[in-house]
Amino acid sequence: MRLDTYSKSGGFSLVEMAIVLVIVGVLLGGLLPTISSQIEQQRRNETRKYINEVRDAMLGYSAANGSLPCPDITNDGLADIASAVTTDNIPITGQSTKKYSCSATVGTVPYNTLGVTPNDSYNSALIYAVTPVFGERNEVYSATGGGGTLLSSSFFNLSSTGTLRICTSAACSTNLTSTAAAVIVSRGANWALTPSTDEAENTDNDTDFVSHDFTPTFDDIVIWLSPNTLFNRMVAAGKLP
Ligand SMILES: [Ca+2]
Ligand SMILES: [Ca+2]
Ligand SMILES: [Ca+2]
């Protein structure tokens, strides 16, 4: 029996090719989930970094402007402020107060107003909610009807309280805080075919949000601003006593 058949044939037999393909298949099959989970981990890390950048920009904005920015509800990256409401004879007879409030409590991050890049690593704008009082501005005018001259502007103060709740589940039997001034949410990869009730809680435009570790049905990343963090920055910036 000759043992040098292979070298003389100068190529691979079909059986050899099949074995090689099976081995390559097994190797790739083992490798791909690892690679894709590494890519996902990197996206999550980048998104966390981006959320922190947005959070810092919000603190900077409030130090410069006296209030948090309003959520964007028109998808142009610009904060949306409702028409001012004028009240006569407040704070004193003959004067008037003009109150500027956010158009909505929940929308997306006003990235153009803040001067940050628009989207997270999943190409989505971040969800952003603000307790109304932290987005308000009150202007006092010397005459009624918002007439005369602007005498003063005022914003939230050290006794202002947040009303946004961060829960550990949609049922909200436990909450991490019930007084957040603002909440920022990345919806993550949103790979699930049906959103879990926990994820649905982050997109239903109310004042409750859910934050917990990554699970097979929850990939959202949530951070919030406590009033105290905000007060601290405002005091440091000389905007609050
Ligand atoms: Ca807008
Ligand atoms: Ca999600
Ligand atoms: Ca909710």
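Residues numbered from 1 in each chain as written. Chains lettered and ligands numbered in written order. Predicted model: local features only at pLDDT ≥ 70, side-chain atom pairs only at ≥ 80, totals over all residues.

What follows covers the overall build of the protein. Across its full length, the protein carries five helices and 11 strands. For the protein, the C-alpha radius of gyration of 27 Å lies well beyond 18 Å, the compact-globule estimate for 241 residues. With the principal axes as the frame, the protein shows a C-alpha extent of 115 × 40 × 30 Å. Counting only residues that meet the buried cut, the protein has 27% of its 241 residues in that class. (Helix = DSSP H or I, 4+ residues; strand = E, 2+ residues; numbered from the N terminus. Rg over C-alpha atoms; globule rule 2.2 N^0.38 Å. Buried ≥ 20, exposed ≤ 12 C-beta atoms within 10 Å, placed from the backbone.)

What follows is about the pairing of strand 5 (residues 137–141). Strand direction decides the pairing type here: strand 2 (residues 96–100) and strand 5, joined by five bridges, are antiparallel. Looking across to strand 5, one finds that Ser96 is bridged to Tyr141. (Pairing = 2+ DSSP bridges.)

With that settled, consider helix 2 (residues 14–65). The end-to-end C-alpha distance of helix 2 is 73 Å, a good match for the 76 Å that 52 residues give at a rise of 1.5 Å each. Those residues of helix 2 that fall on the buried side of the exposure criterion are Thr47, Tyr50, Val54, Met58, Leu59 and Ser62. (Expected span 1.5 Å × (residues − 1).)

The subject of this paragraph is the environment of Glu199. Among the structural elements, Glu199 can be located in helix 4 (residues 197–200). For the pair Glu199 and Ala170, spaced 29 residues apart in sequence, the C-alpha separation works out to 8.1 Å. Residues contacting Glu199, with those up to four places away along its chain left out, are Phe218 and Asp220. (Contact = placed C-beta atoms within 7 Å.)

Through backbone hydrogen bonds, the strands of a sheet pair up, either in parallel or in antiparallel fashion. Sheet architecture is open: four strands sit in the order 3-4-9-11, paired in antiparallel fashion. What marks the edges here is a single partner per strand, and that holds for strand 3 (106–108) and strand 11 (221–225). Pairwise comparison of adjacent strand axes, ignoring direction, gives a mean angle of 20° for this sheet. With three bridges connecting them, strand 3 and strand 4 (residues 127–130) associate as antiparallel partners. Considered in strand 4, the bridge of Gly107 is made with Tyr128. Taken strand by strand, helix 2 contacts strand 9 (182–186) and strand 11, and its axis lies near 20° from that of strand 11. (Axes fitted to C-alpha atoms, helices over the stretch in contact; angles between N-to-C directions.)

Ordered by their spatial adjacency, three strands build an open sheet running 8-7-10, and the pairing between neighbours is mixed. With partners counted over all chains shown, the strands left at the sheet margins are strand 8 (175–180) and strand 10 (208–210), one partner each. The sheet shows a mean angle of 20° between the axes of neighbouring strands, direction not considered. Across three bridges, the pairing between strand 7 (residues 164–167) and strand 10 is parallel. If you follow Ile166 over to strand 10, its bridge partner there is Phe209.

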